[in-house]
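One letter stands for each residue in the lines below.
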Amino acid sequence: MTAVTQPPSQPKPVTGLSRDDARRLALRAQGLLGAPDRRAGVRGMLRQLGAVQLDTISVLARSHELVPYARLGAVGRPAVEAAYWADAHSFEYWSHAACILPIEEWPHFAFRRRARRAKGHRWHVMEDSERSCAAVLDRLKADGPLTTTELGGGRKGGEWWDWSETKIAVEWLLDTGEVVCTRRRAWKRVYDLAERAVPEELLHDDLDDAECLRRLVAQAGAALGVATRADLADYHRLKGEQVDAVIADSGLVPVEVEGWGKAAWADPAALAAAPRGRHRTTLLSPFDSLIWDRPRTERIFGFTHRLEAYVPRPQRIHGYFAMPLLAGGRLRGRVDPAREGSTLVARQVSMDGRSAVAPMAQALLEAATWVGCDAVRVDRCDDPTLAAALRTELARRQPAG
């Protein structure tokens, strides 16, 4: 890894941006301002974002389905899965977290695969790594693609982290690039040999660390529009010094953003034309890349958001899977949704004033239709007056019967 002892001095900004400029640049870069590219569809969205986070939680849908829904509207869920996984279009690997990544980015994660190999293990240590890895590779060669269950089972019989030797081996091979996760089946990873799953022209670790990092920093900058050093590092979970080592050669340009008080960089293409167009009104997954970095979300939108799924129920403020409401280019509230039969239940709602009621009603009804519900019910709202207004607005937009 390239060693950097001191952050580089910040060059003179090429331009200054207002807070609103930065917010609009971020929205456009994330595909949430302007007309969506429906011809490019989910695959185009994935290339634009560079990474779509996966997560086990499924409320209305899983997070990787909610991300294209937020940008493209009611894309059928089977179509979303097919767009991600068919025709060797993508792979799953460690980016911001476990993410779906465009297959074109395979060479640029060579630095991470090398780092894993150099460490020798991740969470678990195999009893006989040579024998166990060879057994997994032989099975995949003969019978793959396969899940862990099909390979022989993922657990020794204890808790979820008590992995079997086979599970440790296949995850190690995934970490180091001999095996690829080609899709999820019933939320289980489906593994295949990299030589079979990755196109031949991309199947290499030839790029050195600096070239990998330059690409990932540039890609993060394009997906963010405008970003601080910490923002750029967080996107693909790089280290700050890794960003420092390549930022000057990334193609990003230094800018000054009103109120940020930190050095920032922007994608030159983003600065070439002012962001304009239609704002999307939608509910966002808490794992959406627009908001997955909490400090950045507060800085850009003045909105504090926290996933409370792992917080004990009595300590939750906004609910198990509170989804922020994006409307007019701002975060205007949040809702903790659930499904009961054909009813979408807004278990807990908060809104930023009366003007957020109509957008919240629109977003709830659109989400309900997308997941096959024909009614919306509001259980709780932190403001009784806004709760009554929301129920009225829902009834107006969707009359009973």
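Residues numbered from 1 in each chain as written. Predicted model: local features only at pLDDT ≥ 70, side-chain atom pairs only at ≥ 80, totals over all residues. Heavy atoms only, no water.

> Would you mind going over the overall build of the chain in detail, with residue names and values included?
Each helix and strand in the chain was counted, giving 16 helices and 14 strands. The C-alpha atoms of the chain give 22 Å as radius of gyration, which agrees with the globular expectation for 401 residues (21 Å, within 12%). Considered along the principal axes of its C-alpha atoms, the chain spans approximately 65 × 55 × 45 Å. Sequence separation of at least 24 residues holds for 66% of the intrachain contacts in the chain that already meet a minimum separation of 6. For the chain, the computed accessible surface area is about 17,900 Å², with 49% contributed by carbon and sulfur atoms. The positive charge centre, built from 57 side chains, and the negative charge centre, built from 52, are 6 Å apart in the chain. (Helix = DSSP H or I, 4+ residues; strand = E, 2+ residues; numbered from the N terminus. Rg over C-alpha atoms; globule rule 2.2 N^0.38 Å. Contact = heavy atoms within 4.5 Å. Areas by Shrake-Rupley, 256 points an atom, 1.4 Å probe, with all protein chains shown as cover. Lys, Arg positive; Asp, Glu negative; His and termini not counted. Charge placed at Lys NZ, Arg CZ, Asp CG, Glu CD.)

> Quick rundown of the sheet that holds strand S9 (residues 264-266)? Include the residues and the values.
With mixed pairing, four strands are arranged side by side in an open sheet as S1-S8-S9-S7. Of all strands in the sheet, those with a lone pairing partner are strand S1 (16-17) and strand S7 (226-228), marking the two edges. The pairing of S1 with strand S8 (residues 253-257) spans two bridges and is classified as parallel. By the bridge assignment, Leu 17 is partnered in S8 with Val 257. (Pairing = 2+ DSSP bridges.)

> Can you explain unusual backbone geometry? Please cite residues and give values.
Of note, the bond from Gly 144 into Pro 145 is cis; its omega dihedral lies within 30 degrees of zero at 0°. For Ala 88, which is not glycine, the phi dihedral falls at a positive 50°. Mapping Ala 88 onto the fold places it in the loop between helix H4 (77-85) and strand S3 (90-94). Residue Ala 88 is classed as partly exposed on the basis of its relative accessible area, which comes to 34%. Backbone geometry places Arg 237, a non-glycine residue, at a positive phi of 55°. With respect to the element layout, Arg 237 can be found in the loop between helix H11 (229-235) and helix H12 (240-246). Judged by its relative accessible area of 43%, Arg 237 is partly exposed. (Buried < 20%, exposed > 50% of the residue type's maximum accessible area, 1.4 Å probe, protein only.)

> Quick rundown of the packing of aromatic side chains? Include the residues and the values.
Under the criterion given, the structure shown has seven aromatic pairs. Aromatic pair Tyr 93 and Phe 109: ring centres 6.0 Å apart, planes at 80°, arrangement edge-to-face. Taken together, the residues Tyr 93 in strand S3 and Phe 109 in the loop between strand S4 (98-102) and helix H5 (110-119) connect sequence positions 16 residues apart. Per residue, the accessibility class of Tyr 93 equals that of Phe 109, and both read buried. Aromatic rings pair up to connect Phe 91, Tyr 93, Trp 106, Phe 109 and Phe 111 into one cluster. (Phe/Tyr/Trp six-rings, centres within 6.5 Å; stacked < 30°, edge-to-face > 60°.)

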